[in-house]
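What follows is each chain in one-letter form.
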Amino acid sequence: AAGTDNGWFGFLAVPIEFLLQVIHKTLVSVGLPGNAWGVSIVGVTLVIKILTYPLTRSQLESTGKMQTLQPTIKDIQAKYQSNPEV
């Protein structure tokens, strides 16, 4: 990783590559073949999904609340359609 230039995404690529290496070494140590990188990539994907789940959940909750408010917003927009300054 030290010899590669990851550009602007280096702050993301370096930790993800490190995590991939750790997961791969762990899987190889428990008996997986050394060339089974696909399983390691799936593992990294699962770890990232688990870490970002709280953000995903809050975004989905916020979207649901906005959908609930949408009819009220439409009514207000229709009521004040003639006066865009309000």
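Summarised in this report is the structure supplied together with it. Note that this is a predicted model, so its numbers are computed, not measured. (Residues numbered from 1 in each chain as written. Predicted model: local features only at pLDDT ≥ 70, side-chain atom pairs only at ≥ 80, totals over all residues. Heavy atoms only, no water.)

### A short note on the packing of helix H1 (residues 10-29) against helix H2 (residues 37-79)
Geometry of a packed helix pair, given as the angle between the helix axes and the separation of the axes.
Step number 1: With their axes 9 Å apart at the nearest point, H1 and H2 run at an angle of 125 degrees to one another. Regarding the angle of H1 to H2, the classification is oblique. Considering only the axes of H1 and H2, their crossing is right-handed. For the pair H1 and H2, contact is made by Ile16, Leu19, Leu20, Gln21, Ile23, His24 and Leu27 and by Trp37, Val39, Ser40, Ile41, Gly43, Val44, Val47 and Ile48, respectively.
Step number 2: By residue class, the composition of the contact of H1 with H2 is 11 nonpolar, 4 polar and no charged. (Axes fitted to C-alpha atoms, helices over the stretch in contact; angles between N-to-C directions. Helix = DSSP H or I, 4+ residues; strand = E, 2+ residues; numbered from the N terminus. Parallel < 35°, antiparallel > 145°, perpendicular 65-115°, else oblique. Left-handed = near helix turned anticlockwise from the far one by under 90°. Contact = heavy atoms within 4.5 Å. Nonpolar A, V, L, I, M, F, W, Y, C, P; charged D, E, K, R; others polar.)

### Quick notes on H2
For an α-helix the count is 3.6 residues per turn, leaving residues at separations of three or four pointing the same way.
Step number 1: The terminal C-alpha atoms of H2 lie 59 Å apart, and with 43 residues this matches the ideal 63 Å at 1.5 Å per residue to within 8%.
Step number 2: The sharpest bend along H2 measures roughly 50 degrees and falls at Thr52, with the proline Pro54 sitting one to four residues further on.
Step number 3: When H2 is considered as a whole, its buried residues turn out to be Ser40, Gly43 and Val44.
Step number 4: Each element contacted by the buried residues of H2 is listed here: H1. (Expected span 1.5 Å × (residues − 1). Bend = angle between axes of the 7 residues up to and from the residue. Buried < 20%, exposed > 50% of the residue type's maximum accessible area, 1.4 Å probe, protein only.)

### So, the side chain of Ser40
Step number 1: Along the chain, Ser40 falls in helix H2.
Step number 2: In contact with Ser40, not counting residues within four places along its chain, are Leu20, Ile23, His24 and Leu27.

### Some details on the pattern of salt bridges
Step number 1: Per the stated rule, a full pass over the model turns up 1 salt bridge.
Step number 2: Among the salt bridges present, the one from Glu61 reaches Arg57, with a minimum N-O distance of 3.7 Å. Pair noted here: Glu61 and Arg57 are both in helix H2, with a separation of 4 residues, about one helical turn. (Salt bridge = Lys/Arg side-chain N within 4 Å of Asp/Glu carboxyl O.)

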